[in-house]
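So you can see what is in the structure, the chains are spelled out below.
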Amino acid sequence: MRLEGKVAVITGAGQGIGRAYASAFAAEGARVVAADLNGDSAESTAQAVRSDGGRAIAIPTDVSDERSVELMVSTTVQEFGTVDILVNNAAIFSTLKMKPFTEISADEWNKVLAVNATGTFLACKAVAPIMRANSYGRIINISSSVVVTGRANYSHYVASKGAVWALTHALATELGDANITVNAVSPHGIVTEIPRETISEEQWAEMLRDQALKRRGEVSDVVGAVLFLASDESKYMTGQTLSLDAGLRFT
Ligand SMILES: NC(=O)c1ccc[n+]([C@@H]2O[C@H](COP(=O)([O-])OP(=O)(O)OC[C@H]3O[C@@H](n4cnc5c(N)ncnc54)[C@H](O)[C@@H]3O)[C@@H](O)[C@H]2O)c1
């Protein structure tokens, strides 16, 4: 029960890895807010947590919309009293089409940056006053190994996750005086229940060649590190990005 008594907001919790964070956080005692653009999927996550005996609510949220993010936070405070933990997991990811950067329209670029990067910024901005008032907070941003590898035909996504990585360092320096830690994880090649077009079988084979651990990742490979960053086990650690990448850089 490492998160007993804590309130955790998890964006993009309607499916995939975000849904797994929600279940794991609730199992560790947190009251969980499943926030997602898809309100039905957020509700399904919250219901799954509740049927396992945990406490969770769903809040339909568009993280790229400042008012929606403010409503997400004010509703959380209304329902659960405060916000202790924020996981910025929502992203345009599994629906993304890979294409050369010369074929990415400015609109498409802006949309990906608006959700993945600006959405992270807006959620941090909205929880900061509450965490400051509590002199306590844990913010975990979800970046990606593509920031290091620079994966081709993915430039909007790579840039958005680079912004998330850099923002983590910047906010750690601004929030440290209030005992708020800001860390990130950069996962690589995690299989979820959601099919996606962005990794072909050929690309999986290439990825495995570049990894020290020769297998595809699964959600249980990332949940533990995020739990660690959300708990007091990581209380003297901020501004860091943990690579959850099967040893990508060591091959
Ligand atoms: N799966 C991987 O291999 C992998 C690798 C590196 C990083 N990541 C990152 O981990 C996170 C989760 O990955 P996943 O595989 O579960 O992704 P996913 O695409 O399955 O899920 C993303 C979730 O975000 C939600 N979302 C999208 N736009 C939103 C918005 N504007 N406001 C609120 N919610 C919104 C979606 O509805 C969805 O529930 C993402 O940030 C992703 O970039 C994943």
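Everything below is about the structure shown above.
Read on for an overview of the structure. (Residues numbered from 1 in each chain as written. Predicted model: local features only at pLDDT ≥ 70, side-chain atom pairs only at ≥ 80, totals over all residues. Heavy atoms only, no water.)

Concerning the overall build of the chain
Rules: Secondary structure counts use DSSP, requiring at least four H or I residues in a row for a helix and at least two E residues in a row for a strand, with both numbered from the N terminus. The reference for a compact globule is 2.2 Å times residues^0.38; the radius of gyration itself is calculated from the C-alpha atoms. Each residue gets one of three labels from its accessible area relative to the maximum for its type: buried under 20%, exposed over 50%, partly exposed in between, using a 1.4 Å probe on protein chains only. The contact definition used throughout considers only heavy atoms, calling two residues in contact when any of these lie within 4.5 Å. Computed with a 1.4 Å probe, the accessible areas rest on the Shrake-Rupley method; for each residue, only the protein chains presented here act as cover. None of His or the chain ends enter the tally, which takes Lys and Arg as positive and Asp and Glu as negative. To locate a charge, take atom NZ for lysine, CZ for arginine, CG for aspartate or CD for glutamate.
Scanning the chain from N- to C-terminus turns up eight helices and nine strands. Computed over C-alpha atoms, the radius of gyration of the chain comes to 17 Å, within 12% of the 18 Å expected from 2.2 N^0.38 for 251 residues, which places it in the range of a compact globule. Residues classed as buried in the chain amount to 53% of the 251 residues present. Within the chain, counting contacts between residues at least 6 apart in sequence, those at least 24 apart form 74% of the total. In the structure as shown, the chain presents an accessible area of about 11,300 Å², 53% of it carried by carbon and sulfur atoms. The centroid of the 22 positive side-chain charges in the chain is displaced by 3 Å from the centroid of its 28 negative side-chain charges.

As for the pairing of strand 5 (residues 137–142)
Formally: By this definition, two strands are paired if DSSP reports at least two bridges between them. Whether a crossover is right-handed depends on one test, that the path from the first strand over the helix to the second runs clockwise when the strands point away from the viewer.
Among the six residues of strand 5, six are classified as buried, and the element is accordingly described as predominantly covered. Note that strand 4 (residues 85–88) and strand 5 share four bridges and pair parallel. From the neighbouring strand, Ile-85 faces strand 5, where its bridge partner is Arg-138. With helix 4 (residues 106–134) bridging strand 4 and the parallel strand 5, this β-α-β connection has right-handed handedness.

What about the site of the ligand?
The line we're drawing: Any residue with at least one heavy atom within 4 Å of a molecule or strand is counted as near it. We define a polar contact as two N or O atoms separated by no more than 3.5 Å, with the added condition that, inside protein, one atom must be a possible hydrogen donor and the other a possible acceptor, whereas residues neighbouring each other in sequence contribute only through side-chain atom pairs.
The ligand sits among 26 residues. The nearest are Gln-15, Asp-36, Ser-94, Tyr-157 and Ile-190. Taking Val-63, its main chain carries an N or O atom lying 3.0 Å from a nitrogen atom of the ligand. Between the ligand and Lys-161, the relevant distance is 2.8 Å, taken from an oxygen atom to a side-chain nitrogen or oxygen of the residue. Relative to its unbound accessible surface of 840 Å², the ligand loses 94% to contact with the protein.

Points about the pattern of salt bridges
How we decide: Whenever a carboxyl oxygen of Asp or Glu lies within 4 Å of a side-chain nitrogen of Lys or Arg, that contact is scored as a salt bridge.
Enumeration according to the criterion identifies nine salt bridges in this entry. When the shortest N-O distance is used, the salt bridge between Glu-66 and Lys-125 registers 3.0 Å. Pair noted here: Glu-66 is in helix 3 (residues 66–80) and Lys-125 is in helix 4, with a separation of 59 residues, a long-range link. Among the residues examined, Glu-66 registers a relative accessible area of 33% and is labelled partly exposed. Salt-bridge contacts for Asp-221 lead to Arg-215; the nearest nitrogen and oxygen are separated by 2.8 Å. Take Arg-215: its relative accessible area is 42%, and that puts it in the partly exposed class. Within this structure, Arg-2, Glu-28 and Glu-233 form a network of salt bridges that share partners.

Considering helix 1 (residues 16–27)
Note the following rule: The span you would expect from a helix comes to 1.5 Å times its residue count less one.
Between its first and last C-alpha atoms helix 1 spans 17 Å; for twelve residues at 1.5 Å apiece the expected length is 16 Å, and the two agree. For helix 1, a buried count of nine out of twelve residues is recorded, marking the element as mostly surrounded by other parts of the structure. Every buried residue of helix 1 is listed here: Gly-16, Ile-17, Gly-18, Ala-20, Tyr-21, Ala-22, Ala-24, Phe-25 and Ala-26. Just downstream of helix 1 lies Gly-29, where phi reads positive at about 100°.

Concerning the sheet that holds strand 1 (residues 7–11)
Going by this rule: In this analysis, axes come from line fits to C-alpha atoms, helices being fitted only over the stretch in contact, and the angle between any two N-to-C directions falls in the range 0 to 180 degrees.
The sheet built from seven strands is open, its strands ordered 3-2-1-4-5-6-9 with parallel pairing. Each end of this open sheet is capped by a strand with a single partner; those strands are strand 3 (55–60) and strand 9 (241–244). Here the average twist between neighbouring strands, direction ignored, is 15°. Pairing geometry for strand 1 and strand 2 (residues 31–36), over five bridges, is parallel.

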